[in-house]
Amino acid sequence: MVDDDTDTEGEVTADILLRAYAYGVFPMGESRDDPSLYWVDPQERGIIPLDGFKLPRKLRATVRKAPFDVTTDTVFRTTMEACAMPAEGRSSTWINERIVDLYCELHERDHAHSVECWQDGKLVGGLYGVSIGAAFFGESMFSRVTDASKVALVHLVARLRRGGFKLLDTQFVTDHLAQFGAIEIPRGEYRSCLAEAIAQEADFYSLGAGVGADEIVQSVSQTS
């Protein structure tokens, strides 16, 4: 259930976006072709507990086979634009050009990141999100071949765990996210977790480049 679902007033800037995320609300667009934005503040917030991430057995085997070259922050805008494109079971999205421009500005300020999956030199999947302190807010993902977005998520979780992140916000819980351990928590509990997380420091790049598939699997399989 969502309330406090209201149109934004005035010009939304990157600074306003960061303050909104720190408070616990996030923007969405009416549609890809509509430039208007509105704030969303769910009563029940979706998160994936980083110490409770579930890696399905079949996906574990896929990650170990390393079918994709996985990179971070190499084509942020392209990743966002791919997430905005229609896909099977999704005729339209909420990611409009205004949102793309705002989040690209956050990316330039090191507050937004992407994880990209490549196959034969082509971008075939990925995701992007916002980071503040030790909180990461997952925004959207896409996949053009089987398991590409799932592998991107596994790499993201490994990176967040290694970098000392405390909160992975998924906004809502879908059946797709539930298989990875996503849960809903009340707004008040979420805001307490958020305040604690953004007050701490974390390093999105601590995992480094060229990490092997076995190390990725090990990183997401360890429990606190």
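Note that the structure is predicted; figures quoted are calculated from it, not measured.

(A) Broad picture of the pairing of strand β4 (residues 44–47). As paired elements, β4 and strand β10 (residues 183–186) share 4 bridges and run antiparallel to each other. Along β10, the bridge assignment pairs I47 with I183. Judged from the 2 bridges that link them, β4 and strand β9 (residues 167–171) form a sheet pairing that is antiparallel. Among the inter-strand pairings, G46 is bridged to a residue of β9, identified as Q171.

(B) Region of interest: unusual backbone geometry. Notably, D110 is not glycine yet its phi reads approximately 65°, a positive angle. One non-glycine residue, D147, lies in the positive phi region at around 75°. Within the secondary structure, D147 sits in the loop between β8 (135–143) and α5 (148–162).

(C) Geometry of the packing of α5 against helix α8 (residues 213–221). The N-to-C vectors of α5 and α8 enclose an angle of 65°; their axes lie 8 Å apart at closest approach. Here α5 lies roughly perpendicular to α8, going by the angle between them. Seen from above, α5 lies across α8 with left-handed handedness. Facing V154, H155, V157, A158, R161 and R162 of α5, the residues of α8 in contact are E215, I216, S219 and V220. Residues belonging to the contact of α5 with α8 are distributed by class as follows: 5 nonpolar, 2 polar and 3 charged.

(D) Here's a closer look at the packing of helix α1 (residues 14–23) against helix α7 (residues 187–198). Two numbers describe how α1 lies on α7: the axes approach to 8 Å, and their chain directions differ by 125°. Between α1 and α7, the angle is such that the two are oblique. When α1 is examined against α7, the residues Y21, A22 and Y23 are found in contact with a partner set consisting of R191, L194 and I198. Each residue belonging to the contact of α1 with α7 can be placed in one class, and the counts come to 5 nonpolar, no polar and 1 charged.

Conventions and cut-offs
- Residues numbered from 1 in each chain as written.
- Predicted model: local features only at pLDDT ≥ 70, side-chain atom pairs only at ≥ 80, totals over all residues.
- Heavy atoms only, no water.
- Pairing = 2+ DSSP bridges.
- Helix = DSSP H or I, 4+ residues; strand = E, 2+ residues; numbered from the N terminus.
- Axes fitted to C-alpha atoms, helices over the stretch in contact; angles between N-to-C directions.
- Parallel < 35°, antiparallel > 145°, perpendicular 65-115°, else oblique.
- Left-handed = near helix turned anticlockwise from the far one by under 90°.
- Contact = heavy atoms within 4.5 Å.
- Nonpolar A, V, L, I, M, F, W, Y, C, P; charged D, E, K, R; others polar.

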